[in-house]
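Fold and geometry: a report
Spelled out, the chains give:
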Amino acid sequence: MKELKKRKLDFIIKKAIEMKKPFLGICVGLQVLFEESEESPGIKGLRIFKGKVVKFKQGKIPQIGWNKISSNTIGDGYVYFVNSYYVAPDDKNIIESTSDYYVKFAAAVKKNNVFATQFHPEKSGEFGLRILKKWLTC
Amino acid sequence: MVNLLAKRIIPCLDVTGGRVVKGTKFVNLKDAGDPVGLAKYYDEQGADELSFLDITASYENRKIIMDIIKKVAKQVFIPLSVGGGINSIETIRELLNAGAEKVSIGTAAVKNPNLIREASQKFGSQAIVVSIDAKRKNNAWTVYIKGGREDANIDALGFGKKMEKLGAGEILLNSIDMDGTKQGYDLKLNKKFSEELNIPIIASGGAGTLEHIKEVLTEGKADAALAASIFHYKKYTIIDVKKYLKKNKIEVRI
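Basis of the calculations
Residues numbered from 1 in each chain as written. Chains lettered and ligands numbered in written order. Predicted model: local features only at pLDDT ≥ 70, side-chain atom pairs only at ≥ 80, totals over all residues. Helix = DSSP H or I, 4+ residues; strand = E, 2+ residues; numbered from the N terminus. Rg over C-alpha atoms; globule rule 2.2 N^0.38 Å. Buried ≥ 20, exposed ≤ 12 C-beta atoms within 10 Å, placed from the backbone. Contact = placed C-beta atoms within 7 Å. Pairing = 2+ DSSP bridges. Axes fitted to C-alpha atoms, helices over the stretch in contact; angles between N-to-C directions. Left-handed = near helix turned anticlockwise from the far one by under 90°. Nonpolar A, V, L, I, M, F, W, Y, C, P; charged D, E, K, R; others polar. Right-handed = clockwise from strand over helix to strand, strands pointing away.

**Side note on the overall build of chain A**
- A count of helices and strands for chain A gives 4 helices and 9 strands.
- On C-alpha atoms alone, chain A measures out to a radius of gyration of 14 Å, which is about the 14 Å that the 2.2 N^0.38 rule sets for 138 residues.
- By principal-axis analysis of the C-alpha atoms, chain A measures approximately 35 × 35 × 25 Å.
- Counting all 138 residues of chain A, 38% fall into the buried class.
- Within chain A, residue pairs in contact and separated by at least 24 positions form 52% of the contacts whose partners lie at least 6 positions apart.

What follows is the structure in structure tokens.
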């Protein structure tokens, strides 16, 4: 957040989202859209969505590797994750896909012009490229 | 809830002078020494990650491997890791900027453990893999450095734990005893590390059959299996490995 603020990007991102410009967030680019994170207590996020970012409590941390997602729009497939934290949105309706890592968590959220993934579609092979293509063409 | 994370299969490409050495037995590749072509081939086969090992690690070769990573990253969209002689923040930064997802650090982690702390703080733990060459010694394992040529006289398990504390995101665990034997991974070594550390373990050294890979992912409890010659020389493809693992009820991305 400090770096975003330094470059005034916090303002620019919020404005762009308000103006309904297509927005794609990846990994921390998803997490930063929420109110707060256990990773940085006391630091406010962009607060586009209500809810917070919480840490995995079980398993090897970070979660590193290919995990299966179930998506409403793209279908099921394996994507590449690298994360110790995940988002817990207040509004469950924005959850676009979910995955399991000892706990069921939001793998991606979507609302209007905002699409953001916890996983890395750019490192998720063919399936990841399909996700990006879908975003580009929707 | 369970852990559905797929076990990873990682082919290792030994690179020198811009060419992949080994791997010359591919019949369906025009140029098996071309790193980009080989990377694409492995990607199509379902590799979960690609590991590039700079076996010369000279100044000139570093530039060449950076160029290779740049080219591969433009065409292959799975995680890439690079290892071999990496010993500075600057080199790590250059490799990550070139398109590598992770770097693996071996000798430098032993000589200068602080590099692991600094690098993981700068680039995140996920980008920093500590590569440990372990050799059996008095009912335990000792760390070898300089490409397996020198005993550092450090207990490997203790060293692994220390690396985790300093911020390593994964351990690439290579058994010197089994490396090149095709007699199977060191299962005890991998099991020990996997049980005592809380970061992923990538098993390396000794793969000769499909069963060896299965064993190290089950009995050995490793999160990923790295292999070189089994893919380069043998009749097995990555698809063969994954089909076999799936048949044996192991979660794989297929």
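**Some thoughts on the overall build of chain B**
- Of regular secondary structure, chain B possesses 10 helices and 11 strands.
- Expected size for 254 residues packed as a compact globule is a radius of gyration near 18 Å; at 17 Å, chain B falls within 12% of this value.
- Seen along its three principal axes, the alpha-carbon backbone of chain B occupies a region of about 45 × 40 × 40 Å.
- The 254 residues of chain B split such that 49% are buried.

**Let's talk about the sheet that holds strand S8 (residues 104-111) of chain A**
Residues and elements named next belong to chain A.
- Reading across from one edge, S1-S9-S8-S7-S4-S5 is the order of the 6 strands in this open sheet, with mixed pairing throughout. Lying at the two open borders of the sheet, with one neighbouring strand each, are strand S1 (23-26) and strand S5 (75-83). Between one strand axis and the next, the sheet turns through 25° on average, direction left out of account.
- Direction of pairing for S1 relative to strand S9 (residues 114-117): parallel, over a ladder of 4 bridges. Bridge assignment links Leu-24 to a residue of S9, and that residue is Phe-115.
- Contacting S1, S5 and S9, helix H4 (residues 125-137) crosses the sheet at an angle of about 100° to S5.

**Quick look at unusual backbone geometry**
Residue and element names in this part refer to chain A.
- Of the consecutive residues Ile-61 and Pro-62, the connecting peptide bond is found in the cis state with omega at 0°.
- As for its placement among the helices and strands, Pro-62 is situated in the loop between strand S3 (51-55) and strand S4 (63-71).
- Positive phi outside glycine occurs at Lys-8, with the angle close to 60°.
- Mapped onto the elements, Lys-8 comes out in the loop between helix H1 (2-6) and helix H2 (9-18).

**Quick notes on the packing of helix H6 (residues 156-166) of chain B against helix H7 (residues 187-196) of chain B**
All names here are of chain B.
- Contact geometry of H6 with H7 gives a least axis separation of 10 Å together with a crossing angle of 35°. Handedness of the H6/H7 crossing: right-handed. Where H6 abuts H7, its residues Leu-157, Gly-160 and Lys-161 lie against Lys-192, Phe-193 and Glu-196.
- Of the residues that constitute the contact of H6 with H7, the class distribution is 2 nonpolar, 1 polar and 3 charged.

**Looking at the pairing of strand S8 (residues 150-155) of chain B**
Residue and element names in this part refer to chain B.
- The pairing of strand S7 (residues 140-145) with S8 spans 3 bridges and is classified as antiparallel. Directly across from Thr-142, in S8, lies its bridge partner Asp-155.
- Turn length for the S7-S8 hairpin, with the two strands adjacent in sequence and antiparallel, is 4 residues, and the turn residue Lys-146 shows positive phi of about 55°.

**A word on the sheet that holds strand S2 (residues 36-37) of chain A**
Residues and elements named next belong to chain A.
- One open sheet accounts for 3 strands, arranged S2-S3-S6; its pairing is mixed. Either end of the sheet is taken by a strand with one partner, and the two such strands are S2 and strand S6 (85-89).
- Where S3 and S6 come together, 5 bridges link them in antiparallel fashion. Residue pairing for S6: Val-54 is matched across the bridge by Tyr-86.

**Things to note about the pairing of strand S11 (residues 224-227) of chain B**
Residue and element names in this part refer to chain B.
- With burial as the criterion, each face of S11 is covered, one bearing Ala-224 and Leu-226 and the other bearing Ala-225 and Ala-227.
- Relative to S11, strand S10 (residues 201-204) is paired through 3 bridges, and the arrangement is parallel. Paired with Ala-203 across the bridge in S11 is Ala-225.
- Once you follow S10 into helix H8 (residues 210-218) and on to S11, the crossover reads as right-handed.

**Some thoughts on the environment of Lys-70 of chain B**
Residues and elements named next belong to chain B.
- Here Lys-70 shows up in helix H2 (residues 59-75).
- Separated by 61 residues in the primary sequence, Lys-70 and Ser-131 have C-alpha atoms spaced 23 Å apart.
- If we ignore the near neighbours within four places in the chain, the residues touching Lys-70 are Ala-98 and Gly-99.

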